[in-house]
Amino acid sequence: MTYSTLLIERDDDGVATVTINRPDKLNALNAAVIADLAALAGHLRDDDSVRGLVLTGAGPKAFVAGADIAEISAIDGDDGRAFAERGQAAFRSLEQLGKPVVAAVNGFALGGGCELAMACHIRLASPNARFGQPEVKLGVIPGYGGTVRLPRLIGRGRALELLLTGAMIDAEEAHRIGLVNRIVPAESLLDEARAMVRTITQMGPLAVRLTLASVDEGLDVQIDTALAQEAEKFGASCATHDRVEGTRAFMEKRPAKFVGK
Ligand code: COA
């Protein structure tokens, strides 16, 4: 499968590196990129040869500098709602892929770029990464999940400060407030991100999928409901061959060979 705005590189370990490729526009998310991301998520969901993703931006300056402002300048209320819903659906598909998605944030991650990074499961950033939700400066609000994921990730007070001031923060500050997991030298960012995906894909794939789902479904419901959901998924993981293999391998002091069943 080829995409007009994405570069896809696969390695032998089942790690796909997806590069948003509009460097002349700092990888801004226009309709074509959103459509490609949605299509990609649909294709990868059922592609067992891909076990996890690294998502990054082309060029040395930007991960993604936001939704395409030229497009936003041309939409009204109804179009705006549909515009937001398309982006939200694409990001949600990546978030619910059932496989690890690690953002390698290699520069500006503003507006939709910060929102895309937040829809990824884990974020690594190079020292030159910059984060922000500058939509208010344009007279709009974040439409791809910024007001929803940012408070969940860094807390309401800090999120509101970023959302209401439109301030841009550097990688150190993003790390300090928990917006990124780790800062990595620019030259090793992609390797580290791939290594992280590889580490996760060595775990039982069903356990990984159920963990992602348990956190995703459990965050926003009452704690007893979340615990019940976790117990159900724990039961599902116990019903697998991978549980037999994983626990036996521990007792036999050897690496486990997971098969995803
Ligand atoms: N949408 C559309 N085009 C964008 C863009 C966006 N979000 N961000 C950058 N670009 C384009 C610029 O218009 C410029 O195109 P041009 O060369 O055809 O004029 C090109 O990318 C390079 O950007 P430029 O502004 O010249 O780079 P810079 O290094 O001076 O500044 C930024 C970098 C990120 C600070 C600046 O581009 C910016 O503020 N971008 C918008 C960020 C934003 O508000 N995002 C939220 C959108 S909802």
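The model shown is predicted, which means the values in this text are computed figures rather than measured ones.

## Observations regarding the domain arrangement of the protein
Segmentation of the protein into domains returns domain 1 (6–201) and domain 2 (205–251). Its C-alpha centre places domain 1 at a distance of 27 Å from the equivalent point of domain 2. Contacts between the two partners involve ten residues from domain 1 and, on the opposite side, six residues from domain 2. Here domain 1 meets domain 2 over a buried area of about 610 Å², counting both sides, of which 54% is carbon and sulfur. Broken down residue by residue, the surface that domain 1 buries against domain 2 is led by Gly 98, Arg 152 and Ile 200, which jointly contribute 54%. Seen at the junction of domain 1 and domain 2, the total is two salt bridges. Counting every contact that joins domain 1 to domain 2 gives three residue pairs in polar contact (both at pLDDT 80 or more). In terms of residue class, the side of domain 1 that touches domain 2 is built from two nonpolar, three polar and five charged.

## Re the pairing of strand S3 (residues 52–57)
For S3, the tally of buried residues reaches six of six residues, placing the bulk of the element in the interior. Residues of S3 alternate between two faces, with Gly 52, Val 54 and Thr 56 on one and Leu 53, Leu 55 and Gly 57 on the opposite face, all of them buried. Sheet topology places strand S2 (residues 15–20) next to S3; six bridges connect them, and they run parallel. Note that in S3 the partner of Val 18 across the bridge is Leu 55. For the crossover that starts at S2, traverses helix H1 (residues 31–45) and ends in the parallel S3, the hand is right-handed. As defined by bridge partners, S3 adjoins strand S5 (residues 101–105) across three bridges and the pair is classed as parallel. Directly across from Leu 53, in S5, lies its bridge partner Val 101.

## A word on the site of the ligand
In the neighbourhood of the ligand, 17 residues make up the surrounding shell, with Lys 25, Lys 61, Ala 65, Ala 67 and Ile 69 lying closest. At a separation of 2.5 Å, an oxygen atom of the ligand approaches a polar side-chain atom of Lys 25. Here Ile 69 contributes a backbone N or O atom positioned 2.9 Å from a nitrogen atom of the ligand. Protein chains bury 60% of the 860 Å² of accessible surface belonging to the ligand in isolation. Mapped by element, the contributors of at least two residues to the shell around the ligand are helix H2 (69–72) and strand S6 (108–110). For the shell around the ligand, the residue count by class is ten nonpolar, two polar and five charged.

Parameters at a glance
Residues numbered from 1 in each chain as written. Predicted model: local features only at pLDDT ≥ 70, side-chain atom pairs only at ≥ 80, totals over all residues. Heavy atoms only, no water. Domains from an automatic or database assignment. Contact = heavy atoms within 4.5 Å. Buried area = accessible area lost by both parts, 1.4 Å probe. Salt bridge = Lys/Arg side-chain N within 4 Å of Asp/Glu carboxyl O. Polar contact = N/O pair within 3.5 Å; in protein donor to acceptor, adjacent residues only side chain to side chain. Nonpolar A, V, L, I, M, F, W, Y, C, P; charged D, E, K, R; others polar. Buried < 20%, exposed > 50% of the residue type's maximum accessible area, 1.4 Å probe, protein only. Helix = DSSP H or I, 4+ residues; strand = E, 2+ residues; numbered from the N terminus. Pairing = 2+ DSSP bridges. Right-handed = clockwise from strand over helix to strand, strands pointing away. Near = heavy atom within 4 Å. Areas by Shrake-Rupley, 256 points an atom, 1.4 Å probe, with all protein chains shown as cover.

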